[in-house]
Amino acid sequence: MEINTNMETKYSIPSEIKCAIDGKCPRCRTGNMFAAPLLSFKSQRMYERCPACDLKFEKEPGYFYVAMYVSYALSVAELVTACVLTYFISGNLESPWLYVFVALAVTLLMAPFNNRYSRIILLYWMTPMFKFNPKIYERVKEEGF
Ligand SMILES: [Zn+2]
């Protein structure tokens, strides 16, 4: 089905994964979801609506609470990875403080990443109504985004 819709537009459509990594709107794959660059510690502000296609990202009040669960899963995966790596690098089995320090550092460093990407994962792959729409993509491109 997606092959057919791809052929209808005269623009080459960027891939879903690339647009998710870049933090683009899930419907038009053009407008940015966040005000600041994705890996920065600057403003965590998310646009209320897509600047290109006007999609309202928070589809109902409190919708982004669901992103907390995604963020939790991301954090656990990062902590386990970081602690296993710490074990392989240091071989430490005596002191828990090294692991506590590594866990805290990873949590703080990854917080902006987790915050943004938990919402991106939620909107791209856990919200069926936010599907990519080639017609809107084409319209937005013609408007000059
Ligand atoms: Zn959009």
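Residues numbered from 1 in each chain as written. Predicted model: local features only at pLDDT ≥ 70, side-chain atom pairs only at ≥ 80, totals over all residues.

Identification of the chain as DUF983 domain-containing protein from Sphingobacterium kyonggiense is taken from an unreviewed UniProt entry.

Q: So what's going on with the overall build of the chain? Which residues, and what values?
A: Broken down by element type, the chain carries five helices and zero strands. N-terminal to C-terminal, the α/β element order of the chain is α-α-α-α-α. Expected size for 145 residues packed as a compact globule is a radius of gyration near 15 Å; at 19 Å, the chain overshoots this value by more than 25%. Projected onto its principal axes, the C-alpha positions of the chain cover 60 × 30 × 25 Å. Within the span of the chain, comprising 145 residues, buried residues form 19% of the whole. A separation of at least 24 residues holds for 62% of the contacts in the chain among residues at least 6 apart in sequence. (Helix = DSSP H or I, 4+ residues; strand = E, 2+ residues; numbered from the N terminus. Rg over C-alpha atoms; globule rule 2.2 N^0.38 Å. Buried ≥ 20, exposed ≤ 12 C-beta atoms within 10 Å, placed from the backbone. Contact = placed C-beta atoms within 7 Å.)

Q: Could you give an account of helix 4 (residues 97-125), naming the residues involved and the relevant values?
A: Largest kink in helix 4: about 50°, centred on Met110, with the proline Pro112 one to four residues after it. Looking only at helix 4, the buried set comprises Asn114, Arg116, Tyr117, Ser118, Arg119, Ile120, Leu122 and Leu123. Residues of helix 4 that are buried make contact with helix 2 (16-21) and helix 3 (65-90). (Bend = angle between axes of the 7 residues up to and from the residue.)

Q: Run through the packing of helix 3 against helix 4, naming residues and quoting values.
A: Relative orientation of the contacting elements helix 3 and helix 4 amounts to 145°, with a least axis distance of 8 Å. Considering only the axes of helix 3 and helix 4, their crossing is right-handed. Here the residues of the contact of helix 3 with helix 4 are counted per class, giving 16 nonpolar, eight polar and two charged. (Axes fitted to C-alpha atoms, helices over the stretch in contact; angles between N-to-C directions. Left-handed = near helix turned anticlockwise from the far one by under 90°. Nonpolar A, V, L, I, M, F, W, Y, C, P; charged D, E, K, R; others polar.)

Q: Break down unusual backbone geometry for me, with residues and values.
A: Phi is positive for Arg29, which is not a glycine, with a value near 55°. Tracing the backbone through its elements, the reader meets Arg29 in the loop between helix 2 and helix 3. Residue classification places Arg29 among the buried residues on the basis of 24 C-beta atoms within 10 Å. Positive phi, normally seen in glycine, also occurs at Asp54, with a value near 70°. Locating Asp54 in the fold gives a position in the loop between helix 2 and helix 3. Judged by local crowding, Asp54 falls into the partly exposed class, with 13 C-beta atoms found within 10 Å.

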